[in-house]
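Below are the chains, spelled out letter by letter.
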Amino acid sequence: MPSPSRRTVLTTGSALGGALLASGLPTPAAAADRAEPAAHPSDPWRTVLDDADLVWERMPATWYEGPFLGNGFLGSGIYAEPNAASKAVRFNIQHSEVQDHRPEFGSLFGLARLPIGYFTLEPVGTITGLDWRLALHDAELTGTLTTDKGTLALRALVHNDRSVLAVEVTPSEGERGFRWVFHPADAISPRAAFKPLPDGYQGNPPAEVADHDGVTTAVQPLLAGGQHVTAWRERSSGRTRTLYAHVAHSYPHTTALGRALKVIRGTARLSYSALAVTHRAWWQSYYRKSFLSVPDARIQRFYWIQLYKAASAARRDAPVMATSGPWLEPTPWPNTWWNLNAQLEYWLVHGSNHLELDAITRALGEFRDNLAKEVAQPYRADSLGIPRTTDPHLVNGAAGTLTGYGVGIPGQDPPTPEVGNLTWALHNVWLSYRHTMDESILRDVLFPLLRKAINYYLHFLEPGPDGRLHLPATFSPEYGGDSRDCNYDLMLLTWGCRTLLESAQLLGVDDPLTPRWREVLARRAPYPTDGNGFMIGADIPFAKSHRHYSHLLAVYPLYEVTGRTPDERALIERSLAHWVGFEGALQGYTFTGAASMSALLGKGEDALKYLGELMTRFIRPNTMYQESGPVIETPLSAAQSLHDMVCQSWGGIIRVFPALPHAWADLTVHQFRTEGAFLLSAVRRGGTTRWVRLVSEAGASCVVRHGIAGPVDVRDGRGRPLRHADAGDGALGIALRKGESALITARGDRPDLTVAPVSPNEDAPRWGLPLI
């Protein structure tokens, strides 16, 4: 198939203080424009964020190298215009809601996210240099582009509330004639550049460009009905010019044009500086919900960039992230993937205390009716499933290897019987419940959906000659081949039945399926293993390089197999070593999974080694990640691996600093959210944990393995002794009501409770493209 042609080129512009734990309420730093951040010793957030800024002293050539801006909906990646790097800079403009609506061609073509287009900033002269900084604290790109005719000073943001890309450019005299040019993209699934087109599929017609009293629009009609619209205009003030651009999508109606015009007309009345005030305020408040500082400068910067990336790509009311977030680049994966990607993308929101980004719980609850349609007709009355790929409304469309991947039926192939993805996605919902103890999540989303997801399995469980309950052949992502008693499904089935029993008890529900769930836990086939550890399933050993840890979910993230006995620990160690021992197909998230499994075992050195492998082999200059196309889950899951080294709270026990490498003698964590809805703060100095503080949001049972050697004092928020009990294995049980806190210190110690960054063990280059 020939490459999609570039559309008409459209032109515009030629004519135009340290936070005390006792308060928990640090004072926000004042927003201010700045060329170079200064030290802020009294503001730990400003200090670590300024230190984590990405810098560019060389021109980024691709999306994997350049700055990126976003708000969960509108996204812009910034880099040199391909084949014209010295002549123009590309500002992509993409949107997470823009998709096609032809389900007959499946989620990968007919429901795929559609590319929108990009602006090019075209100087008068030839580009000779640049000096850019992506300021995390303000979520803004600032800097200078230098040409042989002069300079262009720029500031850029994607506004948090208005979903407007604003780029302010102040040229020197020789660059006053610079221009902006918009290039509409072909509205065709990006998968068309990688895979054959389905029979009958064709791209949408060209965008229609028009002027509306000073606002230019590119209206993209869709063959299925509806439209998406890019609207933009420039505002001039003296020599400074500011571009404002917005994208709107509507289906089946054609209302996007009116909405886009309204947004641009309202926003362009504001100067860039005025627009930036509310934008910066949101971001600065966002970061202050938690704090983490480690003595590895490269990893600490990486971590804060992932928090910036997460809020740029995700919001509760935005679509569940596609594989590239809101930044749609050429990719064979132009939609949401549910056999690992979506789950990993959102893990970091829990510990970092950012549940406002949790789109998975919202989407599964909102679009649950579509999940019934994704299982075969005989099972729709009482079962749910989610296919490997869906659009934002959890619709897969036609199932087939070219157009999408359906749920399938255990024991049958085709379609591939990949049936566990919904249960795994609901584990994310369980985590959101456990980290907030919000009963509405449990009652309204998790329990009813998990009940029907597990029901699907129950239709196929059969007793074998051994008296055990067995599953017919299913598929383990992404190993290849179907196997009876597939570990991916047995592990999810086990976790699901256990969670349903616990949820029913918490909700006071007398469910008629309770005996069946208990029977499954008592009689289900054991997880298939051999001398190398966990197998793919009873019919398939683990015998080749494989990036996915689908056969190890009981270890991580389900924590069903945790090394409680020496034999169980040896099984985990053997399985992990065998998995990562096959080079060839390993990818970035292989190493984030291995790091988290090592952290489960308390092996901080191994966890750090695996994160180091990830950074060295897979992470790109701007912390993005690439396989055949852009995939965003791996860097975000690396932030969760760091969380797992710093704190774990599975199984009803909060474990403080459970897997730190020896070199991390100093560490600060503040308002880290744990299961049970506790906010953890703790400080480690000189290899010793000095204090641990827990604030209870829900009054849940509190058991904490604090890691402080010897006798301890436990005091409440007023400094009074607090009753506690020895829970064994270095843990304390503390009775805390909602809103109460406990401070744990070595007996007689009165440490400083100030939150502050720790000093790095050694310097490291910044992320981006600095001159080294």
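Above this text is the structure in question.
This structure is a prediction, so every number in the text was calculated from the model and none was measured.

**Here's the deal with the packing of helix α5 (residues 297-313) against helix α17 (residues 633-646)**
Part 1 of the reasoning: Interhelical geometry of α5 versus α17 gives an angle of 125 degrees and a closest axis separation of 9 Å. Considering the angle they form, α5 stands oblique to α17. Remark: the crossing between α5 and α17 carries left-handed chirality. Each of I299, F302, Y303, Q306, K309 and A310 in α5 lies in contact with α17, whose residues at this interface are P635, L636, A638, A639, L642 and H643.
Part 2 of the reasoning: Residue composition of the contact of α5 with α17, by class: nine nonpolar, two polar and one charged.

**Overview of the nonpolar core**
Part 1 of the reasoning: In terms of nonpolar packing, the biggest core is built from 214 residues, with W304, L364, Y549 and I734 touching the most fellow members.
Part 2 of the reasoning: The biggest single contributor to this core is helix α11 (residues 439-458), with 12 residues.
Part 3 of the reasoning: Sequence-distant contacts of W304, that is, excluding residues within four places in its chain, are made with W45, V48, L49, A52, L136, Y287, S290, F291 and L292.
Part 4 of the reasoning: Listed in part, the 17 residues of the second largest apolar core include V164, V215, A231 and I264.

**Concerning the state of the cysteines**
Part 1 of the reasoning: Under the criterion given, the structure shown has zero disulfides.
Part 2 of the reasoning: With no disulfide of its own, C486 lies closest to C497 among cysteine sulfurs, the gap being 16 Å.

**A short note on the sheet that holds strand β14 (residues 227-237)**
Part 1 of the reasoning: What the 10 strands build is an open sheet, ordered β12-β13-β14-β15-β10-β9-β8-β7-β2-β35; its pairing is mixed. One side of each edge strand has no neighbouring strand; the edge strands of this open sheet are β12 (208-212) and β35 (768-769).
Part 2 of the reasoning: As judged from the three bridges shared by strand β2 (residues 54-56) and strand β7 (residues 127-135), these two strands associate in the antiparallel manner. What sits directly across from V55, in β7, is R133.

**Notes on the sheet that holds strand β27 (residues 667-674)**
Part 1 of the reasoning: Across the sheet, which stays open at both edges, the six strands sit in the order β16-β27-β28-β29-β34-β31 with antiparallel pairing between neighbours. The two strands at the open ends of the sheet, each matched to only one other strand, are β16 (291-293) and β31 (712-715). Each strand of the sheet is rotated relative to its neighbour by a mean of 20 degrees, with strand direction disregarded.
Part 2 of the reasoning: Across three bridges, the pairing between β16 and β27 is antiparallel. Bridged to L292 within β27 is V669.

**Thoughts on unusual backbone geometry**
Working note: non-glycine residues mostly have negative phi, and peptide bonds are mostly trans.
Part 1 of the reasoning: Y251 connects to P252 through a cis peptide bond whose omega is 5 degrees.
Part 2 of the reasoning: By secondary structure assignment, the location of P252 is in the loop between β15 (240-250) and α3 (256-267).
Part 3 of the reasoning: Phi is positive for D485, which is not a glycine, with a value near 45 degrees.
Part 4 of the reasoning: Along the chain, D485 falls in the loop between β22 (482-483) and α12 (487-507).
Part 5 of the reasoning: The phi torsion at F657 lies on the positive side, around 50 degrees, for a residue other than glycine.
Part 6 of the reasoning: Take F657: it is sitting in the loop between β26 (654-656) and β27.

**With respect to the pattern of salt bridges**
Part 1 of the reasoning: Under the definition given, this model contains 38 salt bridges.
Part 2 of the reasoning: Residue D713 pairs with R750 through a salt bridge whose shortest N-O separation is 3.6 Å. Within this pair, whereas D713 is found in strand β31, its partner R750 is found in the loop between β34 (741-746) and β35, the two being separated by 37 residues in sequence.
Part 3 of the reasoning: Of the residues examined, D713 reaches a relative accessible area of 19% and is grouped as buried.
Part 4 of the reasoning: Given the relative accessible area of 54%, R750 is considered exposed.
Part 5 of the reasoning: Each of D51, R301 and D763 takes part in one network of salt bridges that share partners.

**Thoughts on the packing of aromatic side chains**
Part 1 of the reasoning: Under the definition given, this model contains 39 aromatic pairs.
Part 2 of the reasoning: Consider the rings of F542 and F582, whose centres lie 6.0 Å apart with planes at 55 degrees: the pair is tilted. Here F542, found in the loop between β24 (533-534) and α14 (566-580), pairs with F582, found in the loop between α14 and α15 (588-600); they are 40 residues apart in sequence, far enough to count as distant.
Part 3 of the reasoning: By relative accessible area, which is 3% here, F542 ends up buried.
Part 4 of the reasoning: Of the residues examined, F582 reaches a relative accessible area of 26% and is grouped as partly exposed.
Part 5 of the reasoning: With 6.5 Å between their ring centres and 50 degrees between their planes, Y549 and Y556 make a pair best called tilted.
Part 6 of the reasoning: On the basis of relative accessible area, Y549 is assigned to the buried category, the value being 0%.
Part 7 of the reasoning: One cation-aromatic arrangement involves R298 over W767; the distance from NZ or CZ to the ring centre is 3.4 Å.
Part 8 of the reasoning: It is K609 that lies over the ring of Y610; its NZ or CZ is 4.6 Å from the centre.

**Structural notes on helix α1 (residues 44-52)**
Part 1 of the reasoning: Among the nine residues of α1, seven are classified as buried, and the element is accordingly described as predominantly covered.
Part 2 of the reasoning: Among the structural elements, β2, β7, α4 (272-287), β16, α5 and β27 are those in contact with the buried residues of α1.
Part 3 of the reasoning: N-cap assignment for α1: the residue whose side-chain oxygen lies 3.2 Å from the backbone N of W45 is D43.

**Overview of the pairing of strand β5 (residues 89-95)**
Part 1 of the reasoning: Most of β5 is tucked away, with seven of its seven residues classed as buried.
Part 2 of the reasoning: Of the two faces of β5, both are covered, the one formed by V89, F91, I93 and H95 as well as the one formed by R90, N92 and Q94.
Part 3 of the reasoning: Both strand β4 (residues 74-80) and β5 contribute to a ladder of five bridges, which runs antiparallel. Bridge pairing in β5 links Y79 to R90.
Part 4 of the reasoning: With five bridges joining them, β5 and strand β6 (residues 117-122) adopt antiparallel strand pairing. Pairing of N92 across the sheet is with Y118, part of β6.

**Examining the environment of W56**
Part 1 of the reasoning: If you trace the backbone, W56 turns up in strand β2.
Part 2 of the reasoning: Sequence separation of W56 and L694 is 638 residues, and the distance between their C-alpha atoms is 40 Å.
Part 3 of the reasoning: The residues contacting W56, other than those within four sequence positions of it, are E65, G66, P67, L130, D131, W132, L134, N622, G768 and L769.
Part 4 of the reasoning: There is a polar contact of 2.6 Å between the side chain of W56 and the backbone oxygen of E65.

**Regarding the pairing of strand β13 (residues 215-221)**
Part 1 of the reasoning: For β13, the tally of buried residues reaches seven of seven residues, placing the bulk of the element in the interior.
Part 2 of the reasoning: Judged by which residues are buried, β13 turns out to be covered on both faces: V215, T217, V219 and P221 on one side and T216, A218 and Q220 on the other are all buried.
Part 3 of the reasoning: Examined bridge by bridge, β12 and β13 share five bridges and lie antiparallel to one another. Bridge assignment links H212 to a residue of β13, and that residue is V215.
Part 4 of the reasoning: Linking β12 back to β13 in an antiparallel pair, the connection comprises two residues, with D213 at a positive phi of about 50 degrees.
Part 5 of the reasoning: Direction of pairing for β13 relative to β14: antiparallel, over a ladder of six bridges. Residue pairing across strands places P221 opposite Q227, the latter belonging to β14.

Conventions and cut-offs
Residues numbered from 1 in each chain as written. Predicted model: local features only at pLDDT ≥ 70, side-chain atom pairs only at ≥ 80, totals over all residues. Heavy atoms only, no water. Axes fitted to C-alpha atoms, helices over the stretch in contact; angles between N-to-C directions. Helix = DSSP H or I, 4+ residues; strand = E, 2+ residues; numbered from the N terminus. Parallel < 35°, antiparallel > 145°, perpendicular 65-115°, else oblique. Left-handed = near helix turned anticlockwise from the far one by under 90°. Contact = heavy atoms within 4.5 Å. Nonpolar A, V, L, I, M, F, W, Y, C, P; charged D, E, K, R; others polar. Core = buried A, V, L, I, M, F, W, Y, C linked by side-chain atoms within 4.5 Å. Buried < 20%, exposed > 50% of the residue type's maximum accessible area, 1.4 Å probe, protein only. Disulfide = S-S within 2.5 Å. Pairing = 2+ DSSP bridges. Salt bridge = Lys/Arg side-chain N within 4 Å of Asp/Glu carboxyl O. Phe/Tyr/Trp six-rings, centres within 6.5 Å; stacked < 30°, edge-to-face > 60°. Lys NZ or Arg CZ within 6 Å of the ring centre and 35° of its normal. Polar contact = N/O pair within 3.5 Å; in protein donor to acceptor, adjacent residues only side chain to side chain.

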